[in-house]
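# Summary of structural features
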Amino acid sequence: MRIFRTDHLALPLPPSHRFPAEKYRLLAESVAGFAPHLLEPASAATPAELCRVHDAAYVHALLEGSLPERAQREIGLPWSPQLVARACHSVGATIAAARVALLQGCGVNLAGGTHHAQADKGSGFCVFNDVAVAARLLLDEGHIRRALVIDLDVHQGNGTAALFRDEARVFTFSMHGQNNFPFRKVAGDRDVELPDGTSDETYLALLSANLEELFRLARPDLVFYLAGADPYEGDRLGKLKLTADGLLRRDRMVLDACQRHEVGVAIAMAGGYAVPIADTVAIQTATVKEAVRRFDRTGPRPPIDETQEYMQ
């Protein structure tokens, strides 16, 4: 397997901006502590690759710096050449993770999961839709016939659902907070809406009840897994009550299903806004460590520890 990073590309934001850009550097540093042999920088997605799902006018406005102020406000991140570079490399990281997953069983993007971006606009800290671009590219190239998106970010994957609304070869599943952003949801192939305060056992029971049927319905050649850390009880944008242990159990359920069905999985980190940000980093580190334990065949594998406490 391989783990792709984009944190080496600076993302300048105004002071006190609420987007926690530092989590990408912290996560890469954490992963380097147990899997340095798997880490590598991602290449950027090309304009042609981006235009497979995004309108050319939107792509070129971003690349040229002519995106209107209103569109920048909807994204929630001010335009800069560095923002464009990071966004293009993040899409490239998911493309690379998907290609590796087809060959080796698993690939990881330490960023990505930008599931609010639609054909003609970005939204909610999402510039381009990395999973949609990667899925469309592999479909167009004939490397896969069908894909399954398992989106477990706390926010609904409205952009992904909209982009694949008329694409029968991509099955979109989102399990998210009912009363959370986006406030106008876009129906995917299957959506599970959760009330505020949903806890581990309720969440995991619902996920378990859906997973097998998802594979039966989608019959995927590849799974894209958005392993959001924002269902965590300490997340300031989440509204749910999952513990760090519950989120790790969630990851194991998804990876168990992928291995049981012998389907490769491309993992993107998606959201995480805990205070302190170290909590998000610890949760996402545990996700990556679990993937490495299962799929890495090139170095020592981190041992499973059912009793480990991930939050200090």
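Each chain carries its own residue numbering, running from 1 in the written order of its sequence. Since the coordinates come from a predicted model, pLDDT governs what is reported: local features require at least 70, and pairs of side-chain atoms require 80 or more to be given and counted, while whole-chain, interface and lining totals use all residues. Side-chain measures here rest on the full set of heavy atoms in the structure, leaving out hydrogens and waters.

The name recorded for the protein in an unreviewed UniProt entry is Histone deacetylase superfamily, from Pseudogulbenkiania ferrooxidans 2002.

### Side note on helix α9 (residues 244-260)
For α9, with 17 residues, the first-to-last C-alpha span of 24 Å sits near the 24 Å given by 1.5 Å per residue. The classification of residues rests on relative accessible area computed with a 1.4 Å probe and restricted to protein chains. Under 20% of the type maximum is buried, over 50% is exposed, and intermediate values are partly exposed. Runs of H or I in DSSP of at least four residues are treated as helices and runs of E of at least two as strands, each being numbered from the N terminus. The element α9 is largely enclosed, with a buried count of twelve among its 17 residues. Within the sequence span of α9, burial applies to Ala 244, Gly 246, Leu 247, Leu 248, Arg 250, Asp 251, Arg 252, Met 253, Val 254, Leu 255, Ala 257 and Cys 258. As for α9, its buried residues are in contact with β4 (147-151), α8 (200-218), β7 (222-226), β8 (264-268) and α10 (277-295). Multiplying 1.5 Å by the residue count of a helix minus one yields the expected span of that helix. Residues are treated as being in contact if the distance between any of their heavy atoms lies within 4.5 Å.

### Observations concerning the sheet that holds β7
The parallel open sheet is built from eight strands, whose spatial order is β2-β1-β3-β8-β7-β4-β5-β6. Every other strand in the sheet has two partners, leaving β2 (39-41) and β6 (190-194) as the edge strands with one partner each. Across the sheet, the mean angle separating the axes of adjacent strands is 15° when strand polarity is ignored. In the sheet, strand β5 (residues 170-177) pairs with β6 via five bridges, with the strands oriented parallel. In short, DSSP must find at least two bridges between two strands for them to pair. For helices, the axis comes from a line fit to the C-alpha atoms of the stretch in contact; other axes are also lines fit to C-alpha atoms, and the angle between any two N-to-C directions lies between 0 and 180 degrees.

### Describing the pattern of salt bridges
Criterion for a salt bridge: a side-chain nitrogen of Lys or Arg within 4 Å of a carboxyl oxygen of Asp or Glu. Evaluated as defined, the whole model comprises 19 salt bridges. A salt bridge links Asp 245 to Arg 249, with the shortest nitrogen-to-oxygen separation between them at 3.9 Å. You can see Asp 245 and its partner Arg 249 sitting in helix α9, four residues apart, about one turn around the helix. Classification of Arg 249 as partly exposed rests on a relative accessible area of 30%. Residues joined in a network through salt bridges with shared partners are Arg 252, Asp 256, Glu 290, Arg 293 and Arg 294.

### Quick look at the packing of helix α5 (residues 81-104) against helix α6 (residues 130-141)
Axis separation between α5 and α6 bottoms out at 8 Å; the angle between their running directions is 45°. Of the possible angle classes, the one that applies to α5 and α6 is oblique. By crossing handedness, the relation of α5 to α6 is classed as right-handed. The segment α5 lies against α6, with Ser 90, Val 91, Thr 94, Ile 95, Ala 98, Arg 99 and Leu 102 engaging Asp 130, Val 131, Val 133, Ala 134, Leu 137, Leu 138 and Glu 141. Our angle categories are set so that under 35 degrees counts as roughly parallel, over 145 as roughly antiparallel, 65 to 115 as roughly perpendicular, and the remainder as oblique. Note on convention: near helix rotated counterclockwise from far helix by under a right angle means a left-handed crossing. Clockwise means right-handed.

### Examining α10
Counted at 1.5 Å a residue, the expected span for α10 with its 19 residues is 27 Å, and the 27 Å between its end C-alpha atoms agrees. Burial runs high along α10: 17 of the 19 residues are buried.

### Quick look at the layout of surface pockets
Here a cavity denotes grid points, spaced 1 Å and computed from the protein atoms alone, that fit a 1.4 Å probe unable to get out, and a pocket denotes an open set having protein on both sides within 12 Å along at least 5 of 7 lines; residues with an atom within 4 Å of a point are the lining. Grid points are joined across faces, edges and corners, and a volume is the space filled by probe spheres set on the points. Its boundaries defined by the atoms lining it, the largest pocket holds a volume of some 610 Å³. Residue lining of the largest pocket: 39 residues in total, with Phe 19, Gly 124, Phe 125, Cys 126 and Tyr 273 positioned closest to the centre. Where the lining of the largest pocket is concerned, the elements lending two or more residues are α1 (22-32), α4 (69-75) and α5. Sort the elements by how many residues they give to the lining of the largest pocket and α5 lands first, with five residues. In terms of residue class, the lining of the largest pocket is made up of 17 nonpolar, 14 polar and eight charged. Ten residue types, Ala, Val, Leu, Ile, Met, Phe, Trp, Tyr, Cys and Pro, are classed as nonpolar, four, Asp, Glu, Lys and Arg, as charged, and the remainder, Gly among them, as polar.

### Some details on the packing of α9 against α10
Two numbers describe how α9 lies on α10: the axes approach to 10 Å, and their chain directions differ by 30°. Considered as vectors, α9 and α10 are oriented roughly parallel to each other. For the pair α9 and α10, the sense of crossing is right-handed. Contacts between α9 and α10 involve Ala 244, Leu 247, Leu 248, Asp 251, Arg 252, Leu 255, Asp 256 and Gln 259 from the former and Ile 283, Ala 286, Thr 287, Glu 290, Ala 291, Arg 294 and Phe 295 from the latter. Classifying every residue of the contact of α9 with α10 gives eight nonpolar, two polar and five charged.

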